[in-house]
Amino acid sequence: MAEFVVAIDGPAASGKGTLARLIAAHYGLRHLDTGLTYRAVAKALLDAGQPLDDEAAAEQAARSLDLSAMDRGVLADHAIGEAASKVAVMPAARRALVDRQREFAAHGTGAVLDGRDIGTVVLPGAPVKLYVTASAKVRAARRYHEILARGGTADEAEILADILKRDERDSTRADSPMKPAEDAHLLDTSEMDIETAFRAARAIIDKTLADRKET
Ligand code: DC
């Protein structure tokens, strides 16, 4: 494993992605949003007209994925997120993506990876693990306001229903369900703005770095 790895997990719209980007910039670490890897595989299947439960095609797409060419703007699409959650239940697709994610973490002097199973499966030895949550209601409101801010329209109740459905699929799947690692620091951002959450995360990371220096 690389010099210093921060593993960040949590449900959709918990703030983990923004937090991961801020942490990576602050500590000079590379960042991989592993949700994008599942989204990119889902998009490859959709583009090729292949069914989302074609495990061999998903594995192939995962093994040939170019991590540096993933376009967040395109992959952020809501329908691709739904499709990604279906791709994510297939063990062969997961194994292939986990290999790619571990390769990413192993190079260079350190990295931040965010997703659903980073602390539990991808990098169980990561020195810092954060599990970022917020109530489903708060997460739905955040998504809703993000969409409005981009000039779009949305139905907040529908977003909440989608978030609950996605949480259920991600946390009950047999392979690598979304859950906090036993040694993860829980960060509930329901009542926090991003600056407060970032400060709390920094305090946890700085303490881990200081403890490491002492040993
Ligand atoms: O974080 P996101 O919305 O971009 O993730 C899209 C889907 O990918 C999510 O519903 C579950 C899946 N996923 C996963 O199973 N494991 C990860 N490490 C990251 C994402």
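A quick note: this is a predicted structure, and the numbers were derived from the prediction, not measured. (Residues numbered from 1 in each chain as written. Predicted model: local features only at pLDDT ≥ 70, side-chain atom pairs only at ≥ 80, totals over all residues. Heavy atoms only, no water.)

Engineer: Is there a simple way to explain the overall build of the protein in this structure?
Structural biologist: In terms of regular secondary structure, the protein is built from 10 helices and 5 strands. Its C-alpha atoms give the protein a radius of gyration of 17 Å, near enough to 17 Å, the size a compact globule of 215 residues would have. By residue count, 47% of the 215 residues in the protein fall in the buried class. Summarising the internal contacts of the protein: among those between residues at least 6 apart in sequence, 80% fall at separations of at least 24. Carbon and sulfur atoms make up 53% of the accessible area of the protein, which totals about 10,500 Å². Positive and negative side-chain charges in the protein, numbering 29 and 34 respectively, have mean positions lying 2 Å apart. (Helix = DSSP H or I, 4+ residues; strand = E, 2+ residues; numbered from the N terminus. Rg over C-alpha atoms; globule rule 2.2 N^0.38 Å. Buried < 20%, exposed > 50% of the residue type's maximum accessible area, 1.4 Å probe, protein only. Contact = heavy atoms within 4.5 Å. Areas by Shrake-Rupley, 256 points an atom, 1.4 Å probe, with all protein chains shown as cover. Lys, Arg positive; Asp, Glu negative; His and termini not counted. Charge placed at Lys NZ, Arg CZ, Asp CG, Glu CD.)

Engineer: Just checking my understanding: could you explain the sheet that holds strand E2 (residues 30-33) for this structure?
Structural biologist: What holds strands together in a sheet is hydrogen bonding between their backbones, with the strands either parallel or antiparallel. With parallel pairing, the 5 strands of this open sheet are ordered in space as E2-E3-E1-E4-E5. What marks the edges here is a single partner per strand, and that holds for E2 and strand E5 (185-188). Taking each pair of neighbouring strands and ignoring which way they run, the sheet shows an average axis angle of 20°. Sheet topology places strand E1 (residues 4-9) next to strand E4 (residues 128-133); 4 bridges connect them, and they run parallel. Across the sheet, Ile 8 pairs through a bridge with Leu 130, a residue of E4. (Pairing = 2+ DSSP bridges. Axes fitted to C-alpha atoms, helices over the stretch in contact; angles between N-to-C directions.)

Engineer: Whenever I open this one, the site of the ligand confuses me. Can you help?
Structural biologist: The ligand sits among 15 residues. The nearest are Arg 39, Arg 94, Arg 116, Asp 117 and Arg 173. Side-chain polar atom of Thr 34 to a nitrogen atom of the ligand: 3.0 Å apart, as the coordinates give it. Take Arg 116: an N or O atom from its side chain is 2.8 Å from an oxygen atom of the ligand. With the chains in place, 96% of the 450 Å² that the ligand exposes on its own is no longer accessible. Looking at the shell around the ligand, the elements with two or more residues in it are helix H2 (34-47), helix H5 (78-87) and helix H9 (156-172). Of the residues that constitute the shell around the ligand, the class distribution is 3 nonpolar, 4 polar and 8 charged. (Near = heavy atom within 4 Å. Polar contact = N/O pair within 3.5 Å; in protein donor to acceptor, adjacent residues only side chain to side chain. Nonpolar A, V, L, I, M, F, W, Y, C, P; charged D, E, K, R; others polar.)

Engineer: Even after reading the chapter, I still don't get the packing of aromatic side chains, so can you show me in this structure?
Structural biologist: What describes a pair of aromatic rings is the distance from one ring centre to the other and the angle between the planes of the rings. Per the stated rule, a full pass over the model turns up 0 aromatic pairs. Between Arg 30 and the ring centre of Phe 104, over which it is positioned, the NZ or CZ distance is 4.4 Å. (Phe/Tyr/Trp six-rings, centres within 6.5 Å; stacked < 30°, edge-to-face > 60°. Lys NZ or Arg CZ within 6 Å of the ring centre and 35° of its normal.)

Engineer: I keep staring at the environment of Ala 40 and nothing clicks. Help me out?
Structural biologist: Tracing the chain through its elements places Ala 40 in helix H2. Measuring from C-alpha to C-alpha, the distance between Ala 40 and Asp 66 comes to 9.3 Å, with 26 residues separating the pair along the chain. For Ala 40, the residues in contact, after removing those within four places along its chain, are Leu 65, Met 70 and Leu 75.

Engineer: Could you clarify how one ought to interpret the pairing of E1 in this entry?
Structural biologist: Looking along a regular strand, one sees the side chains alternate between the two faces of the sheet. The buried fraction of E1 is high, at 6 of 6 residues. Burial along E1 is two-sided: the face carrying Phe 4, Val 6 and Ile 8 and the face carrying Val 5, Ala 7 and Asp 9 are both buried. With 6 bridges connecting them, E1 and strand E3 (residues 110-115) associate as parallel partners. Residue pairing across strands places Ile 8 opposite Asp 114, the latter belonging to E3.

Engineer: Even after reading the chapter, I still don't get the pattern of salt bridges, so can you show me in this structure?
Structural biologist: As a working rule, side chains carrying opposite charge can pair if their charged atoms are close by. Within this structure, the stated rule accounts for 16 salt bridges. The salt bridge partner of Arg 169 is Glu 82, with a shortest N-O separation of 3.9 Å. Here Arg 169, found in helix H9, pairs with Glu 82, found in helix H5; they are 87 residues apart in sequence, far enough to count as distant. Look at Glu 82 and you get buried, because its relative accessible area is 12%. The residue Arg 100 makes a salt bridge to Glu 103 at a minimum N-O spacing of 3.8 Å. (Salt bridge = Lys/Arg side-chain N within 4 Å of Asp/Glu carboxyl O.)

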